[in-house]
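Each chain, written out:
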Amino acid sequence: MKKLWKRTIALLLSAAMLLSGAVVASAASVSPEKISIKGSVSSMTVGETVELDSKITPSKAKVKDSNIVWTSSDTSVIKVLEKNDDDTEIKAVGAGTATIKVKIKGTSISASIKITVKKASASSSSSTTYKTYKKKISSYKSELKTVYSSMKKTAAATSFTALRKQIKEFEAQLEAIEDKLDALEDKIEAKYKAGKLTKSHYRKLDTQIEEIEDYADLIEDYLERKFGDD
């Protein structure tokens, strides 16, 4: 009787293990039926970057990220920055239309969206250029302030040779900054002539440069007064 009972328990345990394995196998064998791209992106501007996510149906289906493949029909319009993942980033690089496709590798399951890329408007491009040059002008003013502060803190040398050395060092620092400012002024003018800066932005930058040039003249006057340039 005991032997029969032991056999019954062993059979029950085996059946339970087989059933459990079947359930696991069944869960593991859920195949993907559909893939879609979350959200809706139909247009972008040159230079813009957008993130795209994929969604697999049914949700229990397991697909490795490396088996999810993203492609662009025209890489001169839109570039795919992450080609094998459940999500990706795309970057608009040129005007035109491109189709972004996501596919499950080894299957015919795929989804796609068509995106039109437009050039940045002149005002938008001008605004970006303006901010860049404004920041650069501000940095040159900070450099001038540093030189001016150093002049004020430096005591004039008592010997002629040492004094001349001080003057030349400060003059060289000022000249280096003014040279950079002149080069920047040429670049700004070129951008304006090329239509990449609006008249309003060009005038603002021109005014800012004139103010810094006046500030540089003030520093040079101070240099002559304090250290003497006779």
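All values derive from a computational prediction rather than experimental measurement.

> Go over the overall build of the protein, please, and point to the residues and values.
Of regular secondary structure, the protein possesses 4 helices and 8 strands. What you see in the protein, going N to C, is helices and strands ordered as α-β-β-β-β-β-β-β-β-α-α-α. Looking at the protein as a whole, 26% of its 230 residues qualify as buried. Considering only intrachain contacts with a sequence separation of at least 6, the fraction spanning at least 24 residues in the protein is 61%. For the protein, the accessible area works out to roughly 15200 Å², and carbon and sulfur atoms hold 52% of it.

> Just give me the short version of the packing of helix α3 (residues 160–193) against helix α4 (residues 199–227), but keep the residues and values in it.
Running from amino to carboxyl end, α3 crosses α4 at an angle of 170°, the nearest separation of the two axes being 11 Å. Comparing the axis directions of α3 and α4 gives the class roughly antiparallel.

> Quick rundown of the sheet that holds strand β2 (residues 43–45)? Include the residues and the values.
Reading across from one edge, β2-β8-β7-β4 is the order of the 4 strands in this open sheet, with mixed pairing throughout. Two strands in the sheet have a free side with no partner beyond their single neighbour: β2 and β4 (68–72). Taken over all neighbouring pairs, the strand axes of this sheet differ in orientation by 25° on average, direction set aside. Relative to strand β7 (residues 96–104), β4 runs antiparallel, the two being bridged by 5 bridges. Looking at the pairing, S72 lines up with I100 of β7.

> Now, about the packing of aromatic side chains: what can you tell me, with residues and values included?
Tallied over the entire structure, the rule returns 4 aromatic pairs. Ring centres 5.3 Å apart and planes at 75° place the aromatic pair Y148 and Y222 in the edge-to-face group. Of the two residues, Y148 sits in helix α2 (residues 122–153) while Y222 sits in helix α4, which places them 74 residues apart along the sequence. The exposure class assigned to Y148 is buried, which follows from its relative accessible area of 13%. Ring centres 5.6 Å apart and planes at 45° place the aromatic pair F170 and F227 in the tilted group. Placement of the pair is F170 in helix α3 and F227 in helix α4, with a sequence separation of 57 residues. Ring pairing ties together the aromatic residues Y148, Y215 and Y222, which thus form one cluster. The positively charged end of K152 is found above the aromatic ring belonging to Y148, 4.1 Å away from the centroid. The residue whose ring lies beneath K204 is Y130, and the NZ or CZ to ring-centre distance is 5.9 Å.

> Help me get a handle on a negative patch on the surface, residues and values and all.
On the surface, E171, E175, D179, D182, D186, E210, E211, D214, D217, D221 and E224 cluster together into a negatively charged patch. Of all elements in the fold, only α3 and α4 reach the threshold of two or more residues within the negative patch. In terms of residues, the negative patch owes the most to one element, α4, which gives 6 residues. Structurally, D182 can be placed in helix α3.

> Any details on the pattern of salt bridges? Residues and values, ideally.
Tallied over the full model, the rule gives 2 salt bridges. Ionic pairing is found between K180 and E143, a salt bridge with its closest N-O pair at 2.9 Å. Placement of K180 in helix α3 and of E143 in helix α2 is noted, with a sequence separation of 37 residues between them. Take K180: its relative accessible area is 34%, and that puts it in the partly exposed class. Of the charged contacts, one joins K193 and E189 as a salt bridge, the two residues approaching to 3.3 Å between their closest N and O atoms. Of the two residues, K193 and E189 both sit in helix α3, 4 residues apart, roughly one turn of that helix. E189 sits in the partly exposed class, given a relative accessible area of 32%.

Parameters at a glance
Residues numbered from 1 in each chain as written. Predicted model: local features only at pLDDT ≥ 70, side-chain atom pairs only at ≥ 80, totals over all residues. Heavy atoms only, no water. Helix = DSSP H or I, 4+ residues; strand = E, 2+ residues; numbered from the N terminus. Buried < 20%, exposed > 50% of the residue type's maximum accessible area, 1.4 Å probe, protein only. Contact = heavy atoms within 4.5 Å. Areas by Shrake-Rupley, 256 points an atom, 1.4 Å probe, with all protein chains shown as cover. Axes fitted to C-alpha atoms, helices over the stretch in contact; angles between N-to-C directions. Parallel < 35°, antiparallel > 145°, perpendicular 65-115°, else oblique. Pairing = 2+ DSSP bridges. Phe/Tyr/Trp six-rings, centres within 6.5 Å; stacked < 30°, edge-to-face > 60°. Lys NZ or Arg CZ within 6 Å of the ring centre and 35° of its normal. Patch = residues over 30% accessible without salt bridge, like charges linked within 9 Å, V, L, I, M, F, W, Y side chains within 5 Å. Salt bridge = Lys/Arg side-chain N within 4 Å of Asp/Glu carboxyl O. Lys, Arg positive; Asp, Glu negative; His and termini not counted. Charge placed at Lys NZ, Arg CZ, Asp CG, Glu CD.

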